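This is what each chain is made of:
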Amino acid sequence: MGLTAGVLAIDAGNSKTDVAVVAHDGTVLGTARGEGFRPPAVGLEAAMSALAEAVDRALGAAGVPAVSHVSACLANADLPVEEQRLAAALVERGWGASVEVRNDTFAILRAGVAEPRGVAVVCGAGINCVGMLPDGRTARFPAVGRISGDWGGGWALAEEALWYAARAWDGRGEPTALVRALPSHFGLPDMPALIEALHLEHVPAARRHELTPVLFAVAAEGDGVARALVDRQAEEIVTMAVVALTRLELLEEETPVLLGGGVLAARHPRLDDRVHGLLAARAPRAVPRVVTARPVLGAALLGLDHLDVPAEAHERLRGHFEP
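The structure presented is a predicted model; accordingly, all values stated were derived computationally and were not measured.

J.: Give me the lowdown on unusual backbone geometry, citing residues and values where you can.
T.: Trans is the common state for peptide bonds, and a negative phi is the common state for residues other than glycine. At Ala-143, a position not held by glycine, the phi torsion is positive, near 55°. Position of Ala-143 among the secondary structure elements: in the loop between β8 (138-140) and α5 (154-170). Here Ala-143 falls in the buried class, since its relative accessible area comes to 15%. For Glu-201, which is not a glycine, the phi torsion comes out positive at approximately 60°. The topology assignment puts Glu-201 in the loop between α7 (191-199) and α8 (211-220).

Written out as structure tokens, the structure reads:
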């Protein structure tokens, strides 16, 4: 008898989507990668159509039309009402007998822990933090930008770097090497030229994120303004982690704190050192670790958690993604 398809795991971020079809015993039957999942930008129907293309390829590779459970960790599922809306859209597709939607930060958390217990902070294009316990309790933030109190991530860091560099150029702010480094990245002579290029979209707005690594490079060279921005990012990361640990009553217990997303995965020395140092001071029992596993592993593990399969299935699944 062939392997039965237990889980359709979906990790859909803003830039890409990973899909895996997993048997009840943890065997990966099929995978696919698709484009980013951005309902706020393109509308729910267009986003679901793009998601369906990747899902159909994964189901086709697995040789099954549907699964027992759909475990979807999706970008832009920031509020419970958004999770419900996205879950309803997935149910309509008929891919699984049951559907559970979570924010994509949960995928990174679950990928990095042996059981669904811990806290994860993701600092990529934006910033978010979640925590979870085996009994189903969670801690989370709305994470929809400044209106929900958020600060940081690659886009915000790039914007801040531009702000400080512009003010340094015209005399409103303190001197910083960002004045030269930011325009130089785009082959431009000075900040006025960069401001004009961005305003007139000669440099596409989508390229602003390229300035985040420039900021970290300038900080590594000792620039005070750049270093202060990196330190502020570390402060925000640790503050979110400590609040989540406190909400779940884990502050006094040895608890994994998973660090993910492009900014943290890059292991910039100053940011890395500051995050570890602040965590050691404020949450001494936290065990920080950068997660490099593909988040679709976490989505699949959450699916196997839902099916309550033996531990061997989890180990077999990890063996596929973490050989």
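J.: Explain the pattern of salt bridges to me, and be specific about the residues and the numbers.
T.: Applying the stated criterion to the full structure yields 17 salt bridges. Among the salt bridges present, the one from Asp-18 reaches Arg-294, with a minimum N-O distance of 3.7 Å. Of the two residues, Asp-18 sits in strand β2 (residues 16-23) while Arg-294 sits in the loop between β10 (286-290) and α12 (295-307), which places them 276 residues apart along the sequence. Judged by relative accessible area, Asp-18 falls into the buried class, the value being 1%.

J.: Describe in detail a nonpolar patch on the surface, supporting the description with residues and values.
T.: A contiguous nonpolar patch, built from Leu-79, Val-81, Val-144 and Ile-147 and spanning about 380 Å² of accessible area, is present on the exposed surface. Within the secondary structure, Val-144 sits in the loop between β8 and α5.

J.: Tell me about the packing of aromatic side chains, and please be specific about residues and values.
T.: As enumerated under the stated definition, the model contains one aromatic pair in all. Here Arg-102 stacks its cationic end above the ring of Phe-106, 5.3 Å away from the centre of that ring. The ring of Trp-151 carries the charged tip of Arg-232 above its face, separated from the ring centre by 3.9 Å.

J.: So what about the sheet that holds β10? Which residues, and what values?
T.: Here we have five strands laid out as an open sheet, ordered β8-β7-β6-β9-β10, and mixed in their pairing. Two strands bound the open sheet, and with one partner strand each, they are β8 and β10. Geometrically, the sheet is characterised by an average inter-axis angle of 15° between neighbouring strands, direction not taken into account. Packed on one face of the sheet, helix α11 (residues 269-282) meets β9 (255-260) and β10 and runs near 165° to β10.

J.: So what about the packing of helix α6 (residues 178-185) against α8? Which residues, and what values?
T.: In contact at an axis separation of 10 Å, α6 and α8 are set at 145° when each is read in the N-to-C sense. When you trace α6 past α8, the crossing you get is right-handed. Packed against α6, whose contacting residues are Leu-178, Ala-181, Leu-182 and His-185, the element α8 presents Leu-211, Val-214, Leu-215 and Val-218 at the interface. Per-class residue counts for the contact of α6 with α8 are seven nonpolar, one polar and no charged.

J.: Describe the sheet that holds strand β4 (residues 67-74), naming the residues involved and giving the relevant values.
T.: Either a parallel or an antiparallel arrangement is found when strands of a sheet pair, and the pairing is made through backbone hydrogen bonds. Taking strand neighbours across the sheet as the criterion, the five strands line up as β3-β2-β1-β4-β5 in an open arrangement whose pairing is mixed. Two strands bound the open sheet, and with one partner strand each, they are β3 (28-35) and β5 (96-103). Averaged over all neighbouring strand pairs, the angle between strand axes comes to 15°, with direction disregarded. One ladder, built from seven bridges, connects β4 with β5; its direction is parallel. Across the sheet, Leu-74 pairs through a bridge with Asn-103, a residue of β5. Contacting β1 (5-12), β2, β3 and β4, helix α2 (residues 44-62) crosses the sheet at an angle of about 155° to β3.

J.: Give me the lowdown on the pairing of β1, citing residues and values where you can.
T.: For β1, the buried fraction is high: eight of the eight residues fall into the buried class. By the bridge criterion, seven bridges tie β1 to β2 in an arrangement that is antiparallel. What sits directly across from Ile-10, in β2, is Val-19. Connecting β1 to the antiparallel partner β2 that follows it, the hairpin turn spans three residues. Bridge analysis of β1 against β4 gives six bridges, and the strand direction is parallel.

J.: Go over the state of the cysteines with me, naming the residues and quoting the values.
T.: Structurally, a disulfide amounts to a covalent bond that connects the sulfur atoms of two cysteines. For the structure shown, the criterion picks out zero disulfides. The structure places no disulfide on Cys-73, whose sulfur is separated from the nearest cysteine sulfur, that of Cys-129, by 15 Å.

J.: Lay out the nonpolar core with the relevant residues and their values.
T.: If you look at the biggest cluster of nonpolar residues, it comprises 57 residues, and the most contacted ones within it are Leu-182, Ile-237 and Leu-271. For this core, the element with the most residues is helix α9 (residues 224-247), which contributes 12 residues. Leave out the neighbours within four places in its chain, and Ile-237 touches Val-121, Cys-123, Ile-127, Leu-259, Leu-264, Leu-271 and Val-275.

J.: Explain the side chain of Asp-272 to me, and be specific about the residues and the numbers.
T.: Summarising the element assignment, Asp-272 is placed in helix α11. For Asp-272, a relative accessible area of 13% corresponds to the buried category. Residues contacting Asp-272, with those up to four places away along its chain left out, are Arg-267 and Val-290.

J.: Can you tell me about α2, naming the residues and giving the values?
T.: End to end, α2 covers 26 Å across 19 residues, agreeing with the expected 27 Å (1.5 Å per residue, within 8%). Among the residues of α2, Leu-44, Ala-47, Met-48, Ala-50, Leu-51, Ala-52, Ala-54, Val-55, Ala-58, Leu-59 and Ala-62 are the ones counted as buried. Elements that come into contact with the buried residues of α2 comprise β1, β2, β3, α1 (39-42), β4 and α3 (80-93). Phi turns positive one or two residues past the end of α2, at Gly-63, with a value near 75°.

Basis of the calculations
Residues numbered from 1 in each chain as written. Predicted model: local features only at pLDDT ≥ 70, side-chain atom pairs only at ≥ 80, totals over all residues. Heavy atoms only, no water. Helix = DSSP H or I, 4+ residues; strand = E, 2+ residues; numbered from the N terminus. Buried < 20%, exposed > 50% of the residue type's maximum accessible area, 1.4 Å probe, protein only. Salt bridge = Lys/Arg side-chain N within 4 Å of Asp/Glu carboxyl O. Patch = residues over 30% accessible without salt bridge, like charges linked within 9 Å, V, L, I, M, F, W, Y side chains within 5 Å. Areas by Shrake-Rupley, 256 points an atom, 1.4 Å probe, with all protein chains shown as cover. Phe/Tyr/Trp six-rings, centres within 6.5 Å; stacked < 30°, edge-to-face > 60°. Lys NZ or Arg CZ within 6 Å of the ring centre and 35° of its normal. Pairing = 2+ DSSP bridges. Axes fitted to C-alpha atoms, helices over the stretch in contact; angles between N-to-C directions. Contact = heavy atoms within 4.5 Å. Left-handed = near helix turned anticlockwise from the far one by under 90°. Nonpolar A, V, L, I, M, F, W, Y, C, P; charged D, E, K, R; others polar. Disulfide = S-S within 2.5 Å. Core = buried A, V, L, I, M, F, W, Y, C linked by side-chain atoms within 4.5 Å. Expected span 1.5 Å × (residues − 1).

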